[in-house]
Amino acid sequence: STLAGVTGLTSFSRENVSVVVVEFDYDVNADLAAIDVKDKVDALRAQFPQDVQPPTIQKLDINAMSIVELALSGPQPLDALYDFADQILRDRLARVDGVATVNIVGGRKREIQVLVHPERLRAYGLTVTDLAGLVGAENLNVPAGRVTEPVREFSVRVAGQYTSVEEIADLPVPVQGGGRIRLGDLATVRAGFADVREIARYNGQPTVNISIQKRADANTVATARGVMAAVDELKTSLPPGAEIRIASDRSAFIRDAIQDILTNILIGILLTTVILFAFLHSWRGTVIAAVAMPATIVATFLALDRLGFTINVMTLMALGITVGILVTNTIVVLENIYRRLDQGAPPHEAAEEGTAEIGVAVAASALTNVVVFTPIAFMKGIIGQFFYAFGLTVVFATLVSLFISFTLAPLMAARLLRTYETRKEEEGWLGFLWKRFDRGYANLEGDYRRALGWVLSRPRNGWAVVGATTVLAALALLLQVKFVGGEFMPSQDEGLVEVSLELPPGTPVHRTAQVVERAEALLREIPEVTDLLVTVGGGGGSMFSMGSDVNQASILVTVESPLPTETFLPRIRELLAPLPDAEITVSLPQSMGGGGQAPLQVLVKGPDQNRLEELARRATSAVAEIPGLVDVRNTIEDPKPEVVFRPDRERLRAYGLTVGQVGSVLRASIEGVTPAVYRERGEERDIRIRLAEEARSQADELGNLEVRTFSGMIPLRSLGELSLSGGKTTIQRDEKQRTVRIDAHIGSGSLTSLATAIRTTLDRMDFPPGYTYEITGQFEMFQESLTEMLKALLLAIVLTYVVLAMILESVVHPVTIMITLPLGGVGAAFALFLAGSNLNIFSMMAIIMLVGIVVNNAILILDYAQNLRAKGQTLVEALLEAAPARLRPIIMTNVAIAVALLPQALGSGPGAVYRVPMAIVTMGGVLVSAVFTLFLIPVIYQKLDRFAFGAHRREREARK
């Protein structure tokens, strides 16, 4: 807790193992932090018990996750399948580039068992520890040096390792009185199997589950591709009849999502091309714009490659969301070139003058996008990990788009475009359609000019526009607060459902397996369920897993249906509800924070464990009654049945014993010890020595175990008291305080509304002094992300103002332009409300994007108005000419953006849950702001111009 940069400290302690999770600030170098943690732990090693195994330091990364689950099955026994997986598959798969760890669950591990008969031990005055020491001492290879002859040299070695199980059984054991007896006469020596603590099944068939976890910096698709190639290679070496099946492949979702994004980008380009063709009436101009879009995207790939980015969901989503935005610079330049052509200028002159005239406005629009997305790329926290590549991709694409609009677009225009008369002759059969289109647009432009003239004619008309806009903004804010919920990120539909089952502590593994079999049978009643991967115990392969108890199990359900997978969750809960004594949690795999973790978690903290648990149970009951929450559970576990030996220290002292000696005998008798390994054909197996099963299967028989003293063998019950009781299964601490966690899943409603309901409910409980609660999980990440987004938004607004002030050479009119920013928020709120979507990190990102988009319309109008005023026109005259003149490019650019995003907004393929919020927010913000900008900006410009430096002087000079 004293390390710099530590933001969270959580510990989980249970029988035989304890895990401490240290969370660092995202700016901290993970490699250096791991070294610091190791140094701290090493400094404490002297305070640990002597038999503690060396602590393991591991780094946990949100990107280091299980990507492929394999199921190995066949007619062979499970021990043979386990050996093949452990000795052949594990090594081959671990060599695949990008693989971090290969975890194996299921099967049976072979070992040599020495099962001691307690009555024979008593007869000869021996203990299990005596036999363990003897077996370990006899299994040695001892190098004894060298013997040198005149012409040769020999190495001398004592070859004492066991060569067969019979040799172990024939091992002579010294007994009292000087005699010896065979180990086989005291115990049953055989080749057996370790205790079953984990079971794996795939589609009802016993299997060995192989979970492959990638490195944090590895590419998921490339790593999975390498794993599949290795699996294909290994199929030729499988035992006869055995097969490896792909139980789960997370890379398939990514591949499908990337393909879907690419398809949407292509459709967006085609739709944008059609819109441009309708406005430009020329295939030549349309070709220029159509070439600019893919050219921008392809050129952006070069920048991505130089930075080491990959073509992934985030980088492609950045390009997909900005397809329409990328072509706006080219559209504005082309439209101005066409305007010059229509005035009679030759193509070369029109290209040169048209580009120069609009250059400042285009540069200002592009630079506002750059200064908006640059802060996005450098946000802190978990949100920064998400959008670093996203933000820089948009920045690169915008700069490339600006470069193309100033170079490739005018170059192609000078070569391809024709004068107005030539174009008129080439119209052909489309001439009638173009005339109707132009007539309609001319009427629209005339109506707009008249309406704008009315607005600017009287101050009260302008104030009416401002008032109407204010009312609309207030209504949008009301909709956002009352009807639009919040969530960290939408749940992606991978066609997978996670079912977790927990039986009462102390439930044996075979009982858990029986309950899980019933659950499998019930799940098979759903026709859409295709695959079931079951794990009983095993810990699920988590990096920091302490190993799940045998009373816990998980089922990974694969669903194939055109309906959203989320619709199957209530049905699965209803089907599994009748299972006896089982606490069941049904959820979609979480892309953040680990699979199966609840989106809402409440940490109840306090000093006294008993009072804390009582308070947490009350809190759990109160939270469970909140409508919309399902599968509300807490981490309080029923006491695990245990047999406790409480030594009588006076008796121990009388017999010259210590508690450690008694504990060693008890542990060796029940758990067993492995003093040596047995090697055969290059394989190593533990030699485990403990009591025979019938001697350790009844708790009341433990008192008959004997301990050697100086006066002979003494039964355990003579040295203390054996009793049955319940023990703690897990102790959780957070920030060095005892903690109980309450998990709650969302059945209906939004994350923020339910978090608010939880806070309201728990506040009524009046927690005692020293006891507190904290809402964490995805809600905590949402709050952190919202804070970072607001910082990025504020910085984007400031930088946008600075850029506009430099370009316009004014400190007032950048404010005029930035009045459009609330209009983007208005459109975003209405879009979220109409689409029934929640506010999440992707929709918040789109709102920040609007800062750089919605100002473009105002820039086009005001830049031209400033030029006209410089030529001598009055303010109103300049506005009445500039605004209608820029109406066409404003309509073209905003419609192009909306149409390009239409495939993203209507998408339903893999990853669509990420793209849809961004698309609908951007579309709503762009369209609403464009409509209101046409009237609001001229009004604000007219009212603020009096504060601009030199405005009155320019007005007087213009009138002269």
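Rules used throughout
- Residues numbered from 1 in each chain as written.
- Predicted model: local features only at pLDDT ≥ 70, side-chain atom pairs only at ≥ 80, totals over all residues.
- Heavy atoms only, no water.
- Helix = DSSP H or I, 4+ residues; strand = E, 2+ residues; numbered from the N terminus.
- Contact = heavy atoms within 4.5 Å.
- Areas by Shrake-Rupley, 256 points an atom, 1.4 Å probe, with all protein chains shown as cover.
- Lys, Arg positive; Asp, Glu negative; His and termini not counted.
- Charge placed at Lys NZ, Arg CZ, Asp CG, Glu CD.
- Expected span 1.5 Å × (residues − 1).
- Buried < 20%, exposed > 50% of the residue type's maximum accessible area, 1.4 Å probe, protein only.
- Polar contact = N/O pair within 3.5 Å; in protein donor to acceptor, adjacent residues only side chain to side chain.
- Patch = residues over 30% accessible without salt bridge, like charges linked within 9 Å, V, L, I, M, F, W, Y side chains within 5 Å.
- Salt bridge = Lys/Arg side-chain N within 4 Å of Asp/Glu carboxyl O.
- Axes fitted to C-alpha atoms, helices over the stretch in contact; angles between N-to-C directions.
- Parallel < 35°, antiparallel > 145°, perpendicular 65-115°, else oblique.
- Nonpolar A, V, L, I, M, F, W, Y, C, P; charged D, E, K, R; others polar.
- Phe/Tyr/Trp six-rings, centres within 6.5 Å; stacked < 30°, edge-to-face > 60°.
- Lys NZ or Arg CZ within 6 Å of the ring centre and 35° of its normal.
- pLDDT = per-residue confidence, 0-100.
- Pairing = 2+ DSSP bridges.
- Core = buried A, V, L, I, M, F, W, Y, C linked by side-chain atoms within 4.5 Å.
- Left-handed = near helix turned anticlockwise from the far one by under 90°.

(A) Representation of the overall build of the chain in the model. Scanning the chain from terminus to terminus reveals 32 helices and 29 strands. Overall, the C-alpha framework of the chain stretches about 130 × 80 × 60 Å when taken along its three principal axes. The long-range fraction of contacts in the chain, counting pairs at least 24 apart against all pairs at least 6 apart in sequence, stands at 78%. Here the chain has roughly 44,500 Å² of accessible surface; of this, 56% comes from carbon and sulfur atoms. Separation of charge centres in the chain, based on 89 positive and 102 negative side chains, amounts to 5 Å.

(B) Just helix 28 (residues 841-870), in detail. Here helix 28 contains 30 residues, and its C-alpha end-to-end distance of 44 Å stays within 8% of the 44 Å for a straight helix at 1.5 Å per residue. Counting buried positions over the 30 residues of helix 28 gives 26, a clear majority of the element. Backbone nitrogen of phenylalanine 842 and a side-chain oxygen of the N-cap are separated by 3.0 Å at the start of helix 28; the cap is asparagine 840. The first or second residue beyond helix 28 is glycine 872, which carries a positive phi of 115 degrees.

(C) Main features of a negative patch on the surface. A contiguous patch of negative charge, built from Glu23, Asp25, Glu735, Glu780 and Glu784, is present on the exposed surface. Structurally, glutamate 735 can be placed in the loop between strand 27 (730-734) and strand 28 (737-746).

(D) Main features of the packing of helix 28 against helix 30 (residues 887-906). Across the interface, helix 28 lies against helix 30 with an axial gap of 10 Å and an inter-helix angle of 170 degrees. For the element pair helix 28 / helix 30, the angle class is roughly antiparallel. Between helix 28 and helix 30, the residues in contact are Ile853, Asn857, Leu860 and Ile861 and Ile890, Thr893, Asn894 and Ile897, respectively. Of the residues contributing to the contact of helix 28 with helix 30, the split by class is five nonpolar, three polar and no charged.

(E) Up close: the pattern of salt bridges. With the rule as written, the count across this model stands at 32 salt bridges. As a salt-bridge pair, aspartate 232 and lysine 235 come within 3.8 Å of each other at their nearest N and O atoms. Salt bridges sharing common partners tie together Asp79, Asp83 and Arg110.

(F) The arrangement of the side chain of threonine 585 in detail. On the secondary structure map, threonine 585 appears in strand 18 (residues 583-587). Taking the relative accessible area as the measure of exposure, threonine 585 reaches 16% and is therefore buried. If we ignore the near neighbours within four places in the chain, the residues touching threonine 585 are Glu498, Val499, Ser500, Asp631, Arg633 and His745.

(G) Quick look at the packing of aromatic side chains. With the rule as written, the count across this model stands at three aromatic pairs. Each ring, one from phenylalanine 767 and one from tyrosine 773, has its centre 5.5 Å from the other, and the planes form 45 degrees; the classification is tilted. Seen from the ring of tyrosine 864, arginine 886 lies directly overhead, with NZ or CZ sitting 4.4 Å from the centre.

(H) How the structure looks around the confidence of the model for the chain. Looking at the chain as a whole, its pLDDT mean stands at 82, while 94% of the residues score no less than 70. Within the chain, the lowest mean pLDDT, 47, falls on helix 32 (residues 951-959), and the highest, 90, falls on strand 19 (residues 600-605). Within the model, the stretch residues 540-547 combines pLDDT values under 50 with 17 contacts to residues more than four positions away or in other chains. Taken as a whole, residues 592-596 scores under 50 in pLDDT and shows twelve contacts with residues more than four places along the chain or in a different chain.

(I) Representation of the pairing of strand 18 in the model. Burial runs high along strand 18: four of the five residues are buried. As paired elements, strand 15 (residues 496-502) and strand 18 share five bridges and run antiparallel to each other. Of the residues in strand 18, the one forming a bridge with valine 499 is valine 586.

(J) Molecular detail of unusual backbone geometry. Even without being glycine, aspartate 581 reaches a positive phi, approximately 60 degrees. Within the fold, aspartate 581 resides in the loop between helix 20 (569-576) and strand 18. One non-glycine residue, glutamate 735, lies in positive phi territory at about 55 degrees.

(K) Spotlight on the environment of threonine 398. Along the chain, threonine 398 falls in helix 14 (residues 381-406). Sequence separation of threonine 398 and threonine 300 is 98 residues, and the distance between their C-alpha atoms is 9.0 Å. Excluding residues within four positions of it along the chain, threonine 398 makes contact with Leu326, Asn329, Ala366, Asn369 and Val370.

(L) Representation of the side chain of threonine 286 in the model. Within the secondary structure layout, threonine 286 lies in helix 9 (residues 283-306). Residue classification places threonine 286 among the buried residues on the basis of a relative accessible area of 6%.

(M) The nonpolar core, seen in detail. Phe387, Phe390 and Leu600 are the most contacted members of the largest nonpolar core, which totals 157 residues. By residue number, the principal contributor to this core is helix 28, which donates 20 residues. Leaving out residues up to four positions away in the same chain, phenylalanine 390 has contacts with Met314, Met317, Ala318, Phe373, Met845, Met849 and Met918. Counting residues in hydrophobic clusters, the runner-up holds 31 residues, among them Ile168, Leu183, Val189 and Leu691.

(N) Seen up close, a nonpolar patch on the surface. A cluster of nonpolar side chains, Ile267, Leu271, Leu902 and Leu906, forms an exposed patch at the surface whose accessible area comes to about 330 Å². Listing elements by their share of the nonpolar patch, those giving two or more residues are helix 8 (250-280) and helix 30. Along the polypeptide, isoleucine 267 turns up in helix 8.

(O) View of the sheet that holds strand 12 (residues 205-206). With respect to topology, six strands assemble into an open sheet ordered 12-11-16-17-15-18, the strand pairing being antiparallel. This sheet does not close on itself; its edge strands, each paired only once, are strand 12 and strand 18. With seven bridges connecting them, strand 16 (residues 529-536) and strand 17 (residues 552-559) associate as antiparallel partners. The residue bridging valine 529 from the neighbouring strand is valine 559, located in strand 17. Relative to strand 18, helix 20 is tilted by about 165 degrees, and along the sheet it contacts strand 15 and strand 18.

(P) Representation of the packing of helix 27 (residues 821-835) against helix 31 (residues 912-944) within the structure. Axis separation between helix 27 and helix 31 bottoms out at 7 Å; the angle between their running directions is 135 degrees. When the axes of helix 27 and helix 31 are compared, the pair comes out oblique. Taken as a pair, helix 27 and helix 31 cross one another with a handedness that is right-handed. Residue-level inspection shows Leu823, Gly824, Val826, Gly827, Ala828, Ala831, Leu832 and Ala835 of helix 27 in contact with helix 31, the latter providing Ile920, Val921, Gly924, Gly925, Val928, Ser929, Phe932, Thr933 and Leu936. Here the contact of helix 27 with helix 31 is built from residues that sort into eleven nonpolar, six polar and no charged.

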